[in-house]
Amino acid sequence: MIRSSRTGRGHAHRGGRGAGTTSAAVAVLALVAVTAGCRAEPAGGASAGPSTPPASSPADDGKPGADGTRSATPSTSAEPSAKPKATPKATPESTPSADPQAKVLMATGSQGRQVRELQARLRQIGHFDRSPTGYYGSVTVTAVQSFQGKRGLSRTGKTDTVTWQKLLGMTHTPTAAELNPPTTRPAAKPDKRCLTGRVICISKNSRTLSWMNDGRVLSSMDVRFGSQYTPTREGTFSVYWKSRHHVSSIYHTAMPYAMFFSGGQAVHYSADFAARGYNGASHGCVNVRDEAKIASLFDQVRNGDKVVVY
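Being a predicted model, the structure only gives us computed values, none of them experimental. (Residues numbered from 1 in each chain as written. Predicted model: local features only at pLDDT ≥ 70, side-chain atom pairs only at ≥ 80, totals over all residues. Heavy atoms only, no water.)

## Focus on the confidence of the model for the protein chain
- Mean pLDDT for the protein chain: 77, with 67% of residues reaching 70 or above.
- Low pLDDT (under 50) marks residues 1-19, which in the prediction has 6 contacts with non-local residues, meaning those over four places away or in another chain.
- Segment residues 21-95: pLDDT under 50, and 26 contacts once partners within four positions in sequence are set aside and those in other chains are kept. (pLDDT = per-residue confidence, 0-100. Contact = heavy atoms within 4.5 Å.)

## Concerning the environment of Gly 112
- Along the chain, the position of Gly 112 falls in the loop between strand E1 (104-106) and helix H2 (113-124).
- Placed 180 residues apart in sequence, Gly 112 and Ala 292 show a C-alpha to C-alpha distance of 8.8 Å. (Helix = DSSP H or I, 4+ residues; strand = E, 2+ residues; numbered from the N terminus.)

## Quick notes on the state of the cysteines
- Evaluation of the coordinates by the stated rule reveals 1 disulfide.
- For Cys 194, the disulfide goes to Cys 201, at an S-S distance of 2.1 Å. When the S-S torsion is 80°, as for the bridge of Cys 194 with Cys 201, the disulfide is right-handed. (Disulfide = S-S within 2.5 Å.)

## Remarks on the packing of aromatic side chains
- In this structure the tally under the stated criterion is 5 aromatic pairs.
- Between Phe 237 and Phe 261, the ring centres sit 5.4 Å apart and the planes meet at 50°, which makes this aromatic pair tilted. With Phe 237 in strand E6 (residues 235-238) and Phe 261 in strand E8 (residues 254-262), this residue pair connects regions lying 24 residues apart in the sequence.
- Relative accessible area serves as the criterion here: at 18%, Phe 237 is assigned to the buried category.
- In this structure Phe 261 comes out as buried when scored by relative accessible area, which is 4%.
- Ring centres of Phe 273 and Tyr 278 lie 5.1 Å apart, and the angle between their planes is 70°; on these two criteria the pair is classed as edge-to-face.
- Judged by relative accessible area, which is 0%, Phe 273 ranks as buried.
- One aromatic cluster is present, formed by Tyr 240, Trp 241 and Phe 260 through successive ring pairs.
- Between the NZ or CZ atom of Arg 207 and the centre of the ring of Tyr 278, over which it lies, the distance is 3.8 Å. (Phe/Tyr/Trp six-rings, centres within 6.5 Å; stacked < 30°, edge-to-face > 60°. Buried < 20%, exposed > 50% of the residue type's maximum accessible area, 1.4 Å probe, protein only. Lys NZ or Arg CZ within 6 Å of the ring centre and 35° of its normal.)

## Concerning the sheet that holds strand E11 (residues 306-309)
- Pairing is mixed across the open sheet formed by 9 strands, whose spatial order is E6-E11-E3-E4-E5-E10-E9-E8-E7. Pairing within the sheet leaves two strands with one partner each, and these edge strands are E6 and strand E7 (241-247). Along the sheet, successive strands turn relative to each other by an average axial angle of 30°, direction set aside.
- Bridging between strand E3 (residues 198-203) and strand E4 (residues 208-213) involves 6 bridges; their strand directions are antiparallel. In the strand pairing of E4, Ser 203 is matched with Thr 208.
- Across the sheet, helix H7 (residues 291-300) lies against E3, E4, strand E5 (216-224), E7, E8, strand E9 (265-269) and strand E10 (286-288), angled at about 45° from E8, the strand it touches most. (Pairing = 2+ DSSP bridges. Axes fitted to C-alpha atoms, helices over the stretch in contact; angles between N-to-C directions.)

## Quick notes on helix H4 (residues 161-170)
- Residues Thr 163, Trp 164 and Leu 167 constitute the buried set of H4. Relative to the axis of H4, the buried residues are bounded by an arc of 95° and lie together on one face. Of the exposed residues in H4, the ones pointing more than 90 degrees away from its buried face are Gln 165 and Gly 169.
- Packing partners of the buried residues in H4 comprise E1, H2, helix H3 (138-150) and strand E2 (159-160).
- Near the N-terminus of H4, the side chain that reaches the backbone nitrogen of Val 162, with its oxygen 3.2 Å away, is that of Asp 160. (Arc of directions from axis to C-beta. Polar contact = N/O pair within 3.5 Å; in protein donor to acceptor, adjacent residues only side chain to side chain.)

See the structure below:
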């Protein structure tokens, strides 16, 4: 610590020797300031360096800056900022673009036999993990994108002529069992109430519907039910009204092949079930996601046939 010579009364000595001592102290302080690099800042005050802002601002914990380099630690150095590097020219993306000559054959909302074949072929090579439904929903879009990505095609999720031809070359013609498997899950053992007569036998545990005649299963299909707020009623009922092109008067949604058995609750086809699976729920009805199967069932069931929900 350098102290200037003062008297006990707080006044500096006047005279040649006192002035010389003071000059020497000032020179020492100046030397200390120069060798310190101007890093010290007054506590709570402004920087001791120049008032111009630093050349670079703090980066997010050393993450690369906009020019691909790491930002330097900010300082109050008066050195001029470096000339910014030129931004490199953009290079074409490596992601393949859609073939302008390709024609879209199937996309979201498509339905029918060709969609069912598409799903069956995708399932053969591990891109579709459920039974074919014949409806092109979000699950099918994801499966097509997966197939396209692994084959170097543009991941549009739409089945165009290029995607379709590539898929045909890697798979075989689906069998009848591959196109129309009974259910995606094993059907439950029928309740004893289902063993006599013509019965639509519906199990909530296995989430399957079996169309039965005197204890013999004629067909089975996947079903889903209402949520906890709009549950599907359980018990023994009978079909009292059939409506092939029904539209809900409450929710204004399509309910094709509706077979009403309890108040406003019916067995019917659900496009939403076909698209989203068990991620959704009905408002109390028994939804079927296989349109071909529910259409066939609708043609066989008569008013008065038994319905058992258990």
